[in-house]
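Examination of the molecular architecture
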Amino acid sequence: MKTDDPGYSPPPGNPDIVGMDRRCFMKMGALFAGGLTAFGSMLGCTDSDRRIRLPGKLQKDGTVIVRAGCPAHNCGGRCVLKLFVREGEIVRIESDDREGDDISDPQLRACIRGRSYRRRQYHPDRLRYPLKRTGKRGEGKFERISWDEAFDMISSELKRIKREYGNSAILVPYGTGSYNQTNGRQTAARLMNLFGGSLGFYNSYSWACISRATPYVYGTGVTGNQRQDWINSKYIIMWGWNPSEMRDGTNSEYFLKKAREKGARIICIDPRMSMSAVSLADEWIPIRPGTDTALMSAMAYVIISENLHDMEFIKNCCTGFDSSQMPEGLENEESYSDYIFGTRDGEPKTPQWAQQITGIPASTITRIAREYGSIKPAMLYQGYGMQRRAYGEQPVLGGCVLAAITGNVGIPGGWASGIALQADDGGPFWNIFPTGQNPVSASIPVFLWTEAILRGKEMGRGDGVIGADKLDNNIKLIWCVASNILINQHADTNRSARILSDENLVEFIAVQDQFMTPSAKFADLVMPVCTQFEMWGLEDGWKYGDEVILMPKVADPPFENKSDYQIAAGIAERLGLKEEYTQGRDEYDWIEWAVKYYRNTRFPDIPDLEKLHEMNRGVYTRPVDEPKVAFTDFRRDPDKHPLNTPSGKIELFSKTLFDMNRPDTIPPVPKYIQEWESPFGIESEKYPLQALGHHYMPRVHSTHDGIDWLEEAFPQRLFINPLDANSRGIKDGDTAMVYNERGRISIPCRVTAKIMPGVVNIPQGAWWDPDKDGVDRRGNINVLTSHRWTPLAFGNAQHTIMVEVKKQ
Amino acid sequence: MKQIAFYFDSSACSGCKTCQVACKDKHDLPRGILWRRVYEVCGGDWIKRGSAWLQNVVSYHMSMACNHCEEAICIETCPNAAIVKDQKGIVLVDPDRCMGCRYCEWTCPYGALQFDSNSRVMTKCTFCADYLEEGKDPVCVTACPMRAMEFGDLDELRNRYGKNSDIFPLPDAGYTKPAIVITPHRDSGKAGSRNLHIINREEVKPKI
Amino acid sequence: MNSNEWPLVFFTMLSQISVGLILGGLLLWAGAKNTGTANFDTFKKALLISAFITMGIALLISFFHLSSPLHSVYSLSNIGKSWLSREIILASLYLFSLAVCYLSLRYNIPHRNIFGHFYLASALTGIILIYAMSRVYMISTTPLWNTPATLVAFFNTTILLGGSALLLVLIIAARAKGDMPELQPLFNLLFFMISAGVFIGLLNMLLLQPDPSGIAGSFAAPELSGIWKISQTIFLLAGYSTLAWWFAFRMPQYQGSGTIILIIAITCIFLSELAGRYLFYASYYRIGV
Ligand SMILES: Nc1nc2c(c(=O)[nH]1)N[C@H]1C(S)=C(S)[C@@H](COP(=O)(O)OP(=O)(O)OC[C@H]3O[C@@H](n4cnc5c(=O)[nH]c(N)nc54)[C@H](O)[C@@H]3O)O[C@H]1N2
Ligand SMILES: Nc1nc2c(c(=O)[nH]1)N[C@H]1C(S)=C(S)[C@@H](COP(=O)(O)OP(=O)(O)OC[C@H]3O[C@@H](n4cnc5c(=O)[nH]c(N)nc54)[C@H](O)[C@@H]3O)O[C@H]1N2
Ligand code: SF4
Ligand code: SF4
Ligand code: SF4
Ligand code: SF4
Ligand code: SF4
Ligand SMILES: [Mo]
C-alpha cells in the first residue's frame with residue numbers, strides 16, 4: 001500500500017458538471033422533459049457538497065443514464081453498470097455498452113448479481129437507523145438511537161478499551177464487503193491507525209495458502225500472464241477452477257471461450273461438474289476432494305518416466321528436481337524425483353497409486369499427464385477452493401512444480417501456476433484509500449481471530465504471530481465494517497456464536513452494514529451504511545484487468561444511512577482526529593485523489609475525475625494488445641534476472657521449508673498428505689460424506705442472500721449424487737438434515753449426477769438462521785466447518801469437512 | 001416476410017442466468033415470471049470399478065424465451081385473437097384483448113406464455129420490441145457474459161449457424177416452426193442413451 | 001392438476017349434462033310418440049329449465065374462470081382458427097336456443113312450432129358444442145389429450161350424466177304430479193341410455209385411454225394417481241348396479257325411499273365422472289419445456 005499524499009489539494013470544480021440534489025433534479029426533469037442534456041444546463045442547482053451529479057442525456061421519460069461500477073463487493077469481477085435513474089431512483093440496470101467489445105478491451109459485462117442489484121438496493125430489510133442492543137448478545141433485539149448517541153457510544157468504548165488494555169485489544173476484522181475506497185473496512189482501518197493502531201492481521205480467507213506457498217517456488221506471487229495471452233494456449237487445465245461462476249476477473253470465462261475457439265483443449269478437474277466444466281471444458285475429470293497433490297504427483301510420474309519433461313528448462317531454471325540439483329549440504333535429502341519415484345518412501349507415485357486416492361481411473365491419469373506433458377504451450381490454472389483445505393499449501397506447490405518441469409513458465413500460452421497475479425505489475429490495486437501505518441506491530445493470521453479472543457496473550461510465533469514475539473492482549477473490542485465474518489463466514493459458526501455471546505471476552509462489538517446480518521445480530525451497536533450507489537467511489541479489477549471504474553453517487557442514502565467514510569469521520573471527530581482523518585476531504589475529493597493516484601502509478605494517461613465523469617463511459621481502460629508474460633526475462637537469462645528465491649531459481653525443493661523441520665505437514669517438496677477429515681480416516685465411519693461449500697452464483701459470499709430474483713434463479717440447496725441420495729432414501733426436493741459434531745443444517749436437496757459420489761455441496765454464504773434447537777434452517781455450511789488451520793499458511797481449511805446426511 | 005429470430009450457442013452457455021435476470025429487470029417481472037429462463041439438462045450414471053469412479057455424465061444449458069414461431073400455435077389457439085405477429089415477425093400478446101383464459105399457456109411447447117396474476121393477463125417475451133424500435137438490441141442478448149446469444153433475420157442466422165432448432169429438451173421444430181437457431185452442446189445428442197432430463201425444474205417453474 | 005382448472009371441470013361437466021338433458025329429452029320425445037305413453041309436454045318445461053340453468057351456471061363458472069372477464073367481448077375474434085372461440089360461440093348459441101324454447105313455452109307461442117324447431121336446433125348445437133369442446137383439448141402439443149378418447153369421453157359424459165340427470169328431472173316432475181305409472185316405458189328408455197353410457201365409458205377406459213408412461217420427454221409425463229382411477233371405476237360400478245337394482249325392484253316407488261336410492265345411485269355416477277374429469281385435467285401433458 002502506497003502512502004497518502006497530503007500535499008495534494010483538489011482542483012476547483014469544473015463548471016461544466018453541476019451538482020444537483022434530488023429535488024432540483026426532479027424540477028429539471030419536469031422543465032426539460034423534451035430530452036435536453038441534463039448536463040451543464042442547470043446552473044443554480046449547484047449543491048455545495050457536489051453530491052448527486054448525473055451526466056448523460058435527460059430522456060423523454062425523465063431518466064438519465066449513468067454508467068457506474070457495480071458495487072465493489074468481493075465478487076470475483078468488476079463490471080460496468082448502466083443505471084437508468086429517474087427522480088433519484090434507479091429504475092433499470094443494464095451493463096457495459098462500449099462499442100467494439102474487442103478482446104484487447106472487452107466490455108465489462110455484469111453478471112446476474114449486478115443485473116439484479118435493484119432488488120438489493122430497494123430491499124425492504126435495508127437498515128435505516130443506528131441501533132443499540134437491548135437483549136442478550138446475539139438475540140437480535142435492538143432499539144433505535146441517534147447518530148450522536150452511536151458516535152458517543154463507539155468512541156467512548158474505543159477510548160476505554162485503549163485505556164484499559166491498549167490498542168492491540170482492538171480488531172477491525174477481515175471484511176470484503178466493499179472495495180470502492182470510501183466504503184469498506186479500510187475507512188475504519190485508517191482511523192484506527194491514527195488512533196494508535198489495532199491488532200494487525202495478514203493473509204486472507206480467499207487464498208491464504210496459495211499466496212503464501214507460491215513464493216517458495218517462484219519468489220513472487222506475480223506468476224500470471226495477462227489474460228489476453230490465454231488465447232495462445234493449446235491445452236488448459238482448469239484445476240478446481242470455476243471462472244464461469246466465480247469469474248476470477250470479469251471476462252475470464254470469455255477469454256477461455258476465445259482460447260477454445262482458437263483450438264485449445266480444455267479439461268476441468270473438480271469434484272463437481274461446475275458451470276465451467278459444462279461450458280468451457282472438453283472433458284470433466286471428477287476428483288475426490290483434497291487429493292489433488294496425489295493426482296499431480298502421478299502426472300509427474302508419467303511425465304518424467306516418459307521423458308515428457310523439459311529437461312533443458314529444468315537444468316537452466318530450476319533446482320531440486322533430482323539429487324543432482326539439491327541445495328548444498330542437502331544432497332542426500334529427498335528430491336522432487338525421489339518423492340515421485342518413491343526412492344525414499346518405497347512408494348512410487350504411479351497412476352495406479354493415485355487412482356486409489358483420487359478415484360480417477362489410472363488410464364485417465366496417464367492420458368492427461370501425456371496431454372499436459374506434450375501439448376505446448378499449456379496452462380495449469382489453479383482455483384482457490386482446493387487450497388482452502390487441510391494442507392492446502394501442497395496442491396499449490398504441486399501445480400507450480402508441474403508447470404515448471406513441463407517448461408510452461410515464461411512463454412506465451414504457458415502458465416506458471418500458483419496465485420498468478422498479473423504480469424508485470426501485479427495487476428489491480430483493489431484498495432488505495434490510504435490507511436497509513438499501523439502503530440501496533442503485532443499481526444495474526446487472519447483466520448485466527450477467534451483464537452486471539454480466547455487466548456491472545458498466549459499466542460506467539462507458533463500461532464503465526466508476526467511483528468512481535470507474543471500478543472500482549474486478548475481482543476476486547478471489534479469494530480466490524482463491511483464484513484459478515486463474525487458469524488457467517490468464519491468456520492464453525494456455533495463456536496463463533498458461543499465466543500461472541502460472552503460479554504466477558506469481547507466487551508464491545510460494533511457492526512456497520514446495510515442489512516441485519518447474522519454478524520450484526522451479535523453487535524452492541526449497529527450502524528446503517530448506504531449502498532455504493534449512494535456515495536462516490538471508484539474501483540479497479542478483481543485480480544486481473546487494466547481499468548479504473550468510476551462509481552458516481554446516483555442517489556441519496558435513504559433514512560439515516562451514511563457512508564462508511566462519513567461514519568468513520570463522525571467517530572474521528574469524537575476522538576479528536578477529524579482533521580487528520582479527513583484532511584478536509586469528502587468522498588468526492590478522495591475519489592479525485594484516487595484518480596490522481598492511478599495517474600501516478602498504473603495509468604499515466606487517465607483523465608481527471610471531472611473529465612471521466614463527464615465522459616460517462618463508466619470506465620477508463622488501457623487496451624492490452626501485447627499481453628505481458630510473467631518470467632519472460634528470467635527464462636531468457638536466468639542468471640541475469642534471478643528470482644527472489646534463495647537459489648534465484650524455481651525451487652522444486654525448498655530449503656526454507658526443509659529448515660522448518662516439519663516434514664510430515666510442511667514437506668520441502670509437494671506431497672500428498674491425507675486430510676485431517678478424510679474418507680480414508682476413521683471419522684468417515686460416522687460422517688462418510690465430504691462436504692464442499694463452493695462460491696455460488698447468486699451471492700457474493702453472504703452478500704445478496706435473500707434477494708428474490710437471485711434466490712429464484714439459484715435456490716440454496718444441498719447437492720447430492722443419486723447414489724448417495726438413493727442409499728439414504730432421499731428424492732429430489734426432499735428436505736434433509738446435514739450434520740456432524742459441530743452442527744446441524746436442515747436443507748432441501750437437489751439430486752444431481754453433477755457431483756461425485758461421496759461428496760455433497762452446500763454453497764457457502766447463506767445466512768445462518770438457527771431454530772430453537774440450534775438447527776440452521778437456511779443452509780450455512782459454516783455450521784459444519786472446522787476452525788482448524790493449515791500448517792504453513794495458518795489458512796482457513798473450510799472446504800475440508802466430513803458430514804452425514806439423513807432424510808427428514 | 002422477414003422473420004426476426006434468436007441465435008443461441010448452447011455449447012458456450014454457462015447457465016449463469018444473467019439473461020434471465022436482465023429480462024426481468026428490463027420488464028419489471030415479479031418472482032415467478034420468467035420470460036427467459038435457463039434449463040439445466042443432465043444425464044448419465046456413475047459406477048465404481050475397483051477404486052476408480054467411472055461416469056458418463058453429460059450436461060448443458062438451454063436459455064429459452066419465446067421463439068416467435070413461424071407457425072405459432074398460440075396465435076392459432078387464442079380465442080380473442082389477442083396474440084398477433086407483427087411486421088418483424090415478433091409474436092406479441094395484446095394485454096387489452098387478453099381475457100386471461102390461459103388457454104394459450106397450455107399449447108405453447110416452449111413454456112413461453114406466462115400468466116401474470118397481478119395484471120391478470122398473459123405475458124411473454126416481446127423481443128424487447130421497444131428497444132428494437134429505438135435501434136437497440138434486446139437486453140438478454142447484450143447481457144450475456146459468454147456472448148452466447150445473437151438475434152437477427154432467421155434466414156441470415158441459418159446461413160451463418162445452420163438450421164438446428166430442436167435439441168433436447170425442445171420439441172420437434174415441426175410443431176410450431178420456432179424462429180431460433182441453436183449451436184448444440186456436444187452432449188446434446190446423447191438424449192436416449194444417457195437418460196437426459198431437466199434437473200432444475202423448480203427453477204424454470206413449468207406450469208403443469 | 002392446477003387449482004385454477006377446477007372451474008373448467010365444472011364448466012365442461014355441467015354443459016355436457018345440459019346437452020345430455022336435451023338429447024335425452026329428444027329420445028323420450030320420440031319414445032313417447034311411439035309408445036303413446038305420457039306426454040312429453042308434461043315434463044318438457046322442467047327439462048328445459050334444468051338444461052337452461054345447468055348451462056347458465058356452466059357459463060357463469062367459465063366466465064369467472066377468466067381473469068379479465070371484461071375482455072371476453074373479444075372471444076369470438078378468432079373463430080376462423082381457434083376451437084376455444086368456436087366453443088364459446090356454440091355455448092352462447094346453445095344457451096340462446098334453449099332460452100327461445102323456454103320462452104315459447106312460457107308465453108305459449110304456438111307460432112310455427114318455434115318450440116319444436118328450436119328444440120331441435122338446441123340439440124344440434126349441443127352436439128356440435130360437445131364436439132368443439134373436445135377439440136379445444138385436442139391440441140397437437142398435448143399428446144395425452146390429442147386422441148379420440150377425449151371426444152369419446154366428452155360425449156360419453158353427455159350421455160351418461162345427461163341420462164341420469166333426466167331421470168331425476170322426470171322423477172321430480174312425476175312426484176309433483178302424483179303417481180304416473182305410464183312413465184315406466186320412458187324410464188326404460190333412460191335406463192337404456194345410461195347403460196349405453198356406462199358401456200362406452202368402460203370401453204373408453206379400457207381401450208382408448210392413452211398411456212402416459214409411453215411418453216418420454218423433458219418433463220416426465222404426469223403420474224396418474226391410482227386412487228382417482230380406482231374411485232372412478234368403483235363409483236361407476238356402484239352407481240350403475242344400484243341404479244339397475246332400482247329399476248328392477250324399486251322403480252315404481254319413486255315416492256319415498258326409492259328416490260333416496262336413486263339419488264345415491266346418480267350421485268355415485270356423478271362422482272365417478274368427476275373423478276374421471278379430474279384425471280383428464282391431471283393428465284395434462286405438453287411436449288417441450
Ligand atoms: N459467484 C461468486 N463468485 C465469487 C465469489 C462468490 O462469493 N460468489 N467470491 C469471490 C472470492 S472472495 C473468492 S476468494 C473466489 C473463490 O474462488 P474459488 O476458491 O476458486 O471458488 P470455490 O467455489 O471455493 O472453489 C472452486 C472450485 O473448487 C472446487 N473444489 C473444492 N475442493 C476441491 C478439491 O479438493 N480439489 C479440486 N480439484 N477442486 C475442489 C469446487 O468444487 C469449486 O468448483 O471467488 C470469487 N468469486
Ligand atoms: N465455508 C466457507 N466459508 C468461507 C469461504 C468458503 O469458501 N467456504 N470463503 C471465504 C472467503 S474466500 C471470503 S473472501 C470470506 C468473505 O467474507 P466477508 O468478507 O464477510 O464477505 P460477505 O459475506 O460478503 O460480507 C460482506 C458484508 O458487507 C456488507 N456490505 C456490502 N457492501 C457494503 C458497504 O459498502 N459497506 C458496508 N459497511 N458493508 C457492506 C454486506 O451486506 C455483507 O454483510 O468468506 C470466507 N468464508
Ligand atoms: S461480477 Fe461482480 S462486479 Fe460484475 S456484475 Fe457481478 S457482482 Fe457486479
Ligand atoms: S414460442 Fe410459444 S408463445 Fe412463442 S410464438 Fe411460439 S408458440 Fe407462441
Ligand atoms: S390467456 Fe389471453 S392470450 Fe392466452 S388464449 Fe386466453 S385470451 Fe388469448
Ligand atoms: S428479447 Fe427482451 S423480452 Fe425477450 S427474453 Fe430477451 S430480454 Fe426478455
Ligand atoms: S447469459 Fe448467456 S451464458 Fe448466461 S445463461 Fe444466459 S445465455 Fe447462458
Ligand atoms: Mo475470497
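Everything numeric here is computed off the predicted structure, so don't read it as measured data.

Calculation notes
- Residues numbered from 1 in each chain as written.
- Chains lettered and ligands numbered in written order.
- Predicted model: local features only at pLDDT ≥ 70, side-chain atom pairs only at ≥ 80, totals over all residues.
- Heavy atoms only, no water.
- Helix = DSSP H or I, 4+ residues; strand = E, 2+ residues; numbered from the N terminus.
- Rg over C-alpha atoms; globule rule 2.2 N^0.38 Å.
- Buried < 20%, exposed > 50% of the residue type's maximum accessible area, 1.4 Å probe, protein only.
- Contact = heavy atoms within 4.5 Å.
- Areas by Shrake-Rupley, 256 points an atom, 1.4 Å probe, with all protein chains shown as cover.
- Lys, Arg positive; Asp, Glu negative; His and termini not counted.
- Charge placed at Lys NZ, Arg CZ, Asp CG, Glu CD.
- Near = heavy atom within 4 Å.
- Nonpolar A, V, L, I, M, F, W, Y, C, P; charged D, E, K, R; others polar.
- Pairing = 2+ DSSP bridges.
- Buried area = accessible area lost by both parts, 1.4 Å probe.
- Salt bridge = Lys/Arg side-chain N within 4 Å of Asp/Glu carboxyl O.
- Polar contact = N/O pair within 3.5 Å; in protein donor to acceptor, adjacent residues only side chain to side chain.
- Core = buried A, V, L, I, M, F, W, Y, C linked by side-chain atoms within 4.5 Å.
- Phe/Tyr/Trp six-rings, centres within 6.5 Å; stacked < 30°, edge-to-face > 60°.

1. A short note on the overall build of chain B
A count of helices and strands for chain B gives 8 helices and 12 strands. Relative to the globule expectation of 17 Å for 208 residues, the C-alpha radius of gyration of chain B, 18 Å, shows essentially globular dimensions. The C-alpha extent of chain B, read off along each of the three principal axes, is 65 × 35 × 30 Å. When burial is assessed residue by residue, chain B has 65% of its 208 residues classed as buried. Put simply, of all contacts in chain B between residues at least 6 apart along the chain, 64% involve residues at least 24 apart. Working note: accessible area of chain B is about 7300 Å², and carbon and sulfur atoms make up 49% of it. Within chain B, the 26 negative side-chain charges are centred at a point lying 6 Å from the centre of the 27 positive side-chain charges.

2. Looking at the site of ligand 4
Taken together, 13 residues surround ligand 4, and among them Cys66, Asn67, Cys69, Cys74 and Cys108 of chain B come closest. Residue composition of the shell around ligand 4, grouped by class: 10 nonpolar, 2 polar and 1 charged.

3. A look at the sheet that holds strand E16 (residues 525-528) of chain A
Residue and element names in this part refer to chain A. The mixed open sheet is built from 6 strands, whose spatial order is E5-E4-E16-E15-E14-E6. Each of the sheet's edge strands pairs with one partner strand only, and the pair in question is strand E5 (142-144) and strand E6 (170-171). Note that strand E4 (residues 131-133) and E16 share 2 bridges and pair antiparallel. In the strand pairing of E16, Lys132 is matched with Leu525.

4. A look at the interface of chain B and chain A
Taken residue by residue, the interface counts 53 residues in chain B and 56 residues in chain A. Of all residues in chain B, Asp25, Trp46 and Arg147 of chain B give up the largest surface area on contact with chain A, accounting jointly for 19% of the area buried on that side. Our enumeration of links across chain B and chain A arrives at 8 salt bridges. When the shortest N-O distance is used, the salt bridge between Lys24 of chain B and Glu712 of chain A registers 2.4 Å. Inspection of the chain B/chain A interface yields 28 residue pairs in polar contact (both at pLDDT 80 or more). At the level of elements, helix H1 (18-27), strand E2 (37-43), strand E3 (46-49), strand E4 (52-55), strand E5 (58-64), helix H5 (139-143) and helix H8 (201-204) of chain B are the ones that each hand at least two residues to the side of chain B that touches chain A.

5. Considering the nonpolar core
One finds Tyr218 and Ile650 of chain A to be the most contacted residues of the largest nonpolar core, which totals 110 residues. Here the element with the most residues in this core is helix H10 (residues 292-305) of chain A; it accounts for 9 residues. Met13, Leu28, Ala91 and Ala165 of chain C belong to the second-largest nonpolar core, a separate cluster that totals 76 residues.

6. Topic: the site of ligand 6
All names here are of chain B. Residues in close proximity to ligand 6 total 13 residues, the closest being Cys23, His27, Cys125, Cys128 and Cys140. Going through the elements one at a time, H1 and H5 are the ones with two or more residues in the shell around ligand 6. In the shell around ligand 6, the residues fall into 10 nonpolar, 2 polar and 1 charged.

7. Brief notes about the interface of chain C and chain B
Listed as interface residues are 38 residues of chain C and, on the opposing side, 40 residues of chain B. Inspection of the region where chain C meets chain B yields 0 salt bridges. At the boundary of chain C and chain B, one finds 25 residue pairs in polar contact (both at pLDDT 80 or more). If you list the elements that add at least two residues to the side of chain C that touches chain B, you get helix H3 (83-106) and helix H4 (114-137) of chain C. With 3 residues, the single largest contributor to the side of chain C that touches chain B is H3 of chain C. In terms of residue class, the side of chain C that touches chain B is built from 17 nonpolar, 18 polar and 3 charged.

8. Looking at the pairing of strand E26 (residues 802-807) of chain A
All names here are of chain A. When strand E21 (residues 689-692) meets E26, the two strands line up antiparallel, connected through 2 bridges. Pairing of Gln690 across the sheet is with Met802, part of E26. Note: strand E23 (residues 735-740) against E26, 4 bridges, orientation antiparallel. Its bridge partner being in E26, Met737 is matched across the sheet by Lys806.

9. Re the packing of aromatic side chains
Residues and elements named next belong to chain C. This model, assessed by the stated rule, comprises 69 aromatic pairs over all chains. For the ring pair Phe191 and Tyr240, a centre distance of 5.9 Å and an interplane angle of 0 degrees mean the geometry is stacked. Note that Phe191 is positioned in helix H6 (residues 184-208) and Tyr240 in helix H7 (residues 226-250), a separation of 49 residues in sequence. The partly exposed category is assigned to Tyr240, whose relative accessible area is 21%. Ring centres of Phe280 and Tyr281 lie 5.4 Å apart, and the angle between their planes is 85 degrees; on these two criteria the pair is classed as edge-to-face. Each member of the pair, Phe280 as well as Tyr281, carries the same accessibility label: buried.

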